[in-house]
Amino acid sequence: MINIRQEVSLLSRNTFGIPATASVFVETDNIAELTDYLRSFPDPVVFVLGGGSNVLFVSDRLDVVIHPVMKGIELIDETNDDVLVRAGAGEIWDDFANWCVEQDYAGVENLSYIPGTVGACPIQNIGAYGAEAKETVEAVEAIEKETGHAVSFNNQQCHFDYRDSLFKKNKGKYIITAVRFRLSKRFEPNVKYSDLETELSRNTSVTLKDVRQAIIDIRRRKLPDPSELGNVGSFFKNPTIHIEKSNEISKIFPKAPLYPVSEEYCKISAAWLIQQCGWKGIREGNVGTHERQPLVIVNYGGVSGNDILNFARKIIEAVYRRFGVGLEPEVNIV
Ligand code: NAP
């Protein structure tokens, strides 16, 4: 079914809790009807909204917002070692992660409790605790907005990178309708992140359910609940810096959290950089960095998207001035 409404408030549809209005709001679980709508629509400039958990509205009005709600999780192929599962773009990501764990299918358990929808997961190649969506995504089904044609991309064609993909680079070009995942029947715990290792240190043998529960417990402890305090999780990406810059930093800070990504480059914790610049738990008016996780910018109530953006710019400037490292937002600024 396709449901087209005018003048729809997006306040409760973004976890930052920013007021914005969609002139036209199109909610649909039907690919054919969505295709027809796009083909008949004269101006293809539309914004696709999933769970609203990675978006910052800086414009108070959006012309056309499309909200895909295609549901369903189906097993489409199975071997002795793995399964191929197709999930509708409108499925809640964590319901899907939970379903996989319940079925004993491994691959997305480290991505438990990430807010958002299945359709959003390939866009920024969601990642947490040493796992990324790209390791399990077999294919992405989408509609090309300009033509209304159904298209499909295999894993390589998605050009996945750190919190990046073809879909993120070509903002507004595709509407993802479903994602196919290759999941393993042979579980091997991935507990290389220290928080996770510590959380599971008392378990003698670690199950899929243990990993999921440990991650839920850590995330609940460390991150603010968006239903209580507006936020979108990590606001910035962890920067990748040249080895020369990382040597420079570790000379002054021998314990700086640096993680090699290649012979030439290192990832550095954005949260650590922000904290070193004194921006952890800082509040200006009703915007602030969270007291337990400075990578999370919070809305204490009633702020605009531009208030948040201006606050974020001050953090970028402070980090650049002190370390010469550029922070980039992970959030989608619209
Ligand atoms: P943390 O453990 O305090 O570590 C800080 C950063 O260092 C992390 O962001 C992580 O990068 C990196 N890191 C830590 N251990 C690493 C290792 N063994 N190898 C490579 N990189 C390592 O991180 P945190 O803030 O509590 O977050 C834990 C995980 O949840 C991270 O993976 C983080 O990305 C994810 N998370 C995501 C969101 C979101 O909204 N997207 C929000 C909160 C947390 P990576 O980020 O590249 O993993």
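Our structure's up above, just so we're on the same page.
Let me begin by describing the structure that accompanies this report. Treat the numbers as computed from the prediction; the structure is a model and nothing was measured.

Here we take up the site of the ligand. Inspection of the region around the ligand gives 20 residues, with Y193, K222, N238, K267 and Q293 positioned closest. Y162 is positioned with one of its side-chain polar atoms (N or O) 2.9 Å from an oxygen atom of the ligand. The separation between an oxygen atom of the ligand and a polar side-chain atom of Y193 is 2.6 Å. Here the ligand loses 83% of its free accessible area of 790 Å² to cover by the protein chains. Secondary structure elements with two or more residues in the shell around the ligand: β8 (127–128) and α5 (208–222). Two domains each donate at least three residues to the shell around the ligand, and these are domain 2 (73–184) and domain 3 (240–333).

All right, on to the packing of aromatic side chains then. Overall, the coordinates contain 16 aromatic pairs when judged by the stated rule. An angle of 35 degrees between the planes, with centres 4.6 Å apart, marks the rings of F96 and F181 as tilted. Here F96 is found in helix α2 (residues 93–103), whereas its partner F181 is found in strand β12 (residues 174–184), with 85 residues between them in sequence. Taken individually, F96 and F181 each receive the classification buried, so the pair is uniform in this respect. Their ring planes at 75 degrees and their centres at 5.4 Å tell us that W279 and F311 sit as a pair that is edge-to-face. In this pair, W279 is assigned in the loop between α7 (270–276) and β16 (283–284) and F311 in helix α8 (residues 305–323), connecting sequence segments 32 residues apart. Taking the relative accessible area as the measure of exposure, F311 reaches 2% and is therefore buried. Here the aromatic residues W93, F96, W99, Y105 and F181 are joined through ring pairs into a cluster of three or more. Positioned above the aromatic ring of Y300 is the side chain of R283, whose terminal nitrogen or guanidinium carbon lies 3.9 Å from the ring centre.

On to α2, then. Along α2, the residues classified as buried are W93, D94, F96, A97, C100 and V101. Seen along its axis, α2 keeps its buried residues to an arc of 155 degrees; they face one direction. Taken together, the buried residues of α2 touch β6 (73–78), β7 (82–88), β12 and α5. Positive backbone phi, at 70 degrees, marks D104, one or two positions downstream of α2.

Using the criterion set out here, one finds 19 salt bridges in the structure. A salt bridge links R186 to D81, with the shortest nitrogen-to-oxygen separation between them at 2.7 Å. With R186 in the loop between β12 and α4 (194–199) and D81 in the loop between β6 and β7, this residue pair connects regions lying 105 residues apart in the sequence. Of the residues examined, R186 reaches a relative accessible area of 51% and is grouped as exposed. On the basis of relative accessible area, D81 is assigned to the partly exposed category, the value being 39%. Between K169 and D164 there is a salt bridge; the shortest N-O distance is 3.1 Å.

In this section: the nonpolar core. In terms of nonpolar packing, the biggest core is built from 47 residues, with F57, F235, F236 and I297 touching the most fellow members. When residues of this core are traced back to their parent elements, those giving at least two are β2 (21–28), β4 (55–56), β5 (61–68), β15 (265–268), α7 and α8. Here this core gathers at least three residues from each of two domains, domain 1 (2–68) and domain 3 (240–333). Excluding anything up to four places from it in sequence, F235 contacts F16, L56, L295, I297, I308, A312, E328, P329, E330 and V331. Residues C100, Y174, L183 and L200 belong to the second largest nonpolar core, which totals 37 residues.

Here α5 is 15 residues long and its end C-alpha atoms lie 21 Å apart, about the 21 Å a rise of 1.5 Å per residue gives. Along α5, the residues classified as buried are L208, V211, R212, A214, I215, I216, I218 and R219. Looking at the packing, one finds that the buried side of α5 touches α2, β8 and α4.

For the rest of this paragraph, the subject is the packing of α2 against α5. Where α2 contacts α5, the axes come no closer than 9 Å and their chain directions differ by 155 degrees. Comparing their axes, α5 and α2 come out roughly antiparallel. Handedness of the α2/α5 crossing: left-handed. Touching D94, A97, N98, V101 and E102 of α2 are L208, K209 and R212, all from α5.

Here we take up the side chain of E91. By secondary structure assignment, the location of E91 is in the loop between β7 and α2. Despite its burial, E91 pairs with no opposite charge; the closest candidate is K71, at 4.8 Å N-O. One polar contact links the side chain of E91 to the main-chain amide nitrogen of G72, over a distance of 2.6 Å. Non-local contacts of E91, meaning those with residues more than four positions away in its chain, are made with M70, K71, G72, I73, T117 and V118.

What counts, and at which threshold
Residues numbered from 1 in each chain as written. Predicted model: local features only at pLDDT ≥ 70, side-chain atom pairs only at ≥ 80, totals over all residues. Heavy atoms only, no water. Near = heavy atom within 4 Å. Polar contact = N/O pair within 3.5 Å; in protein donor to acceptor, adjacent residues only side chain to side chain. Areas by Shrake-Rupley, 256 points an atom, 1.4 Å probe, with all protein chains shown as cover. Helix = DSSP H or I, 4+ residues; strand = E, 2+ residues; numbered from the N terminus. Domains from an automatic or database assignment. Phe/Tyr/Trp six-rings, centres within 6.5 Å; stacked < 30°, edge-to-face > 60°. Buried < 20%, exposed > 50% of the residue type's maximum accessible area, 1.4 Å probe, protein only. Lys NZ or Arg CZ within 6 Å of the ring centre and 35° of its normal. Arc of directions from axis to C-beta. Contact = heavy atoms within 4.5 Å. Salt bridge = Lys/Arg side-chain N within 4 Å of Asp/Glu carboxyl O. Core = buried A, V, L, I, M, F, W, Y, C linked by side-chain atoms within 4.5 Å. Expected span 1.5 Å × (residues − 1). Axes fitted to C-alpha atoms, helices over the stretch in contact; angles between N-to-C directions. Parallel < 35°, antiparallel > 145°, perpendicular 65-115°, else oblique. Left-handed = near helix turned anticlockwise from the far one by under 90°. Lys, Arg positive; Asp, Glu negative; His and termini not counted.

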